[in-house]
Amino acid sequence: MLNSTDRDGALPGTNLTQTKALNRRAVFDAVRRNGPITRTELAQKIGLTVQAISNIASELSMAGLIRQQGKRVGQRGQPAVELSLDATGGYTIGLSLAYRRISAVLVDLAGKVIASEAHDLAERDPHLTAEALGLLANRLLQIASVRRDKIWGIGCSVPGTVENGTFWYDKVQEADEWTRFPLVEKLEELTGLRAFAENDATVAAIGESLYGVGRVARSFFYLHFNLGIGGGLIIDGHPYRGAFGGAGEIGHMIVKPGGRHCACGSRGCLEQYVSLYAAAETICGPTRTPDEVPTEELIACSRAGDGRLLAWQQEAAQYVRIAIRNIEAMFDPDTIVIGGGLPAELMDGLIAAATPLLPTMTHRHSSRQPRLMRAEHAAELPALGAAALPIAIAMLPVSSSASWRTTTTSAPMMTNPALAALGFDSLWQ
Ligand SMILES: [Zn+2]
């Protein structure tokens, strides 16, 4: 499989098969986002002829991915058939690995949760953790009574950096055991399903792109507040992971030259001032592991108007303002989405303290969206974003999909007839 370095900078070519697959993806994705929609409206939206749309719609309908039904009432002339997503045409499983907790959801193509489950993790061994995740995925399949060949794949959200299906934690003590652990390969062996893993901030952005803010914003930056702070980037409806999977790592943007030391080796990184760690540090001194971040105590301090926490908020807010202005200058997104696991009280206080934002560039004044939007999906369901991952990857243009495909597992993979019939599955082979 080619990746960006193999191509050595060359523009990727395309062939007729790929072009057909691309058109099917475009129609499917437009119906998924905008349905119910008529063929004429679709043709205008994606630049294909009505005849081409009709042909593809028939194929998608035969594969059980869209429905052609319903007549509009109250309009003159020939009533138009409307196309809409058949949410039962496929399913995905989302897994979330967080500090000492794993959760999972099985959702249909519309993102409706069919089954979910979560467990605390007593073990931190990577092999046992992978087994627990695989077990959880298999359990959801049983509970939901969904056939394996209807599953598009498994997405897994991890709190670290992902490269070629392996990942490592960025900051916790167990980091060494996890260094380049082949999580994706393990999950595929355990489930027989195609799996993908990605950094939790990028996964949260993908979830919002498919099931939340993405309905009104094609390009946005997701500011993901957790123990640390990360970011995910959606450009023209597609996630962007960068050359090495680290795009959007805003926690390591330097906001204070010569400031506090950061584990990355720099000084003055955003995460040193704006994160749950940083908030906790103001209350109880330097913290070492996520177990020691006293979330309940922070919430109590916030409610009591604790002066130390208010001082943190004021300092953090000025760096949030700088970060937002810099993101706008760099990416010019429709909006910036703010979400993650920061307790609601702290998040509300931080946003209030950061308002008004720094003045933006004049060309952005015509934007239809506010500069800052709250994520629609809360941190309680990080696995939902993970469930969106296989769909988002299936919808990528062929040229940019290679970096998301990670392993060539030797385990036999379940093939999905709908994906295969429609050429969606170049990444699944
Ligand atoms: Zn740093």
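Scroll up to find the structure this text is about.
All residue numbers here refer to positions counted from 1 along the written sequence of the relevant chain. Selection of residues for local features in this predicted model requires a pLDDT of at least 70, selection of side-chain atom pairs for listing and counting requires 80 or more, and totals for whole chains, interfaces and linings are taken over all residues.

(A) Representation of the sheet that holds strand E14 (residues 335-340) in the model. Here a strand pair is declared whenever DSSP counts at least two bridges between the two strands. Strands here mean DSSP runs of E at least two residues long; helices mean DSSP runs of H or I at least four residues long; both are numbered from the N terminus. An order of E13-E12-E11-E14-E15 is seen for the five strands of this open sheet, with the pairing classed as mixed. This sheet does not close on itself; its edge strands, each paired only once, are strand E13 (238-240) and strand E15 (372-374). Along the sheet, successive strands turn relative to each other by an average axial angle of 30°, direction set aside. Taken together, the three bridges between E14 and E15 define a ladder with parallel strand orientation. Across the sheet, Ile338 pairs through a bridge with Arg374, a residue of E15. Each of strand E11 (220-225), strand E12 (229-235), E13 and E14 touches helix H7 (residues 200-211); the most contacted strand, E12, lies at about 40° to it. Simply put, an axis is a line fit to the C-alpha atoms, just over the touching stretch for a helix, and the angle between two N-to-C directions goes from 0 to 180 degrees. Contact criterion: two residues are in contact if their C-beta atoms, reconstructed from the backbone, are within 7 Å.

(B) Structural detail: the sheet that holds strand E10 (residues 195-199). Read from one edge of the open sheet, five strands run E6-E5-E4-E7-E10, paired in mixed fashion. Both outer strands of the open sheet, strand E6 (113-120) and E10, are each paired with one neighbouring strand and no more. Each neighbouring strand pair of the sheet contributes to a mean axis angle of 15°, computed without reference to strand direction. Along the sheet, helix H4 (residues 126-144) contacts strand E4 (91-98), strand E5 (101-108), E6 and strand E7 (151-158); its crossing angle with E5, the most-contacted strand, is approximately 30°. Strand contacts of helix H6 (residues 183-191): E7 and E10, with the helix running at about 150° to E10, the strand carrying the most contacts.

(C) Fine view of the packing of helix H1 (residues 16-34) against helix H2 (residues 39-46). One can describe the packing of H1 onto H2 by two numbers: an axis separation of 11 Å at closest approach and a directional angle of 115°. Classified by the interaxial angle, the pair formed by H1 and H2 is roughly perpendicular. Between H1 and H2 the crossing geometry is right-handed. In this structure, H1 contributes Ala26, Val27, Ala30 and Asn34 to the contact, and H2 contributes Leu42, Lys45 and Ile46. Angle categories: roughly parallel below 35 degrees, roughly antiparallel above 145, roughly perpendicular from 65 to 115, and oblique for all the rest. Crossings are sorted by hand: turned counterclockwise from the far helix by less than a right angle, the near helix makes the crossing left-handed, and turned clockwise it makes it right-handed.

(D) Quick peek at the packing of helix H9 (residues 295-303) against helix H11 (residues 344-354). Contact geometry of H9 with H11 gives a least axis separation of 9 Å together with a crossing angle of 50°. Taken together, the axis directions place H9 and H11 in an arrangement best described as oblique. The crossing of H9 and H11 is left-handed. Here Leu298, Ile299, Ser302 and Arg303 of H9 come into contact with H11, specifically with Glu345, Leu346 and Gly349. Residue type decides the class: Asp, Glu, Lys and Arg count as charged, Ala, Val, Leu, Ile, Met, Phe, Trp, Tyr, Cys and Pro as nonpolar, and the leftover types, Gly among them, as polar. Its residues assigned to classes, the contact of H9 with H11 shows three nonpolar, two polar and two charged.

(E) A look at unusual backbone geometry. Omega for the bond connecting Gly35 with Pro36 falls within 30 degrees of zero, at -5°, which places this linkage in the cis form. Within the secondary structure, Pro36 sits in the loop between H1 and strand E1 (37-38). Cis rather than trans, the peptide bond between Thr355 and Pro356 has omega equal to 0°. Considering the arrangement of structural elements, one finds Pro356 in the loop between H11 and E15. Positive phi outside glycine occurs at Ser145, with the angle close to 50°. Counting through the fold element by element, Ser145 comes out in the loop between H4 and E7. Any residue with 12 or fewer other C-beta atoms within 10 Å of its own C-beta is exposed, any with 20 or more is buried, and the rest are partly exposed; the C-beta atoms used are placed from the backbone. Its 8 C-beta neighbours within 10 Å are what place Ser145 among the exposed residues. Even without being glycine, Asp332 reaches a positive phi, approximately 50°. Checked against the element boundaries, Asp332 lands in the loop between helix H10 (307-331) and E14.

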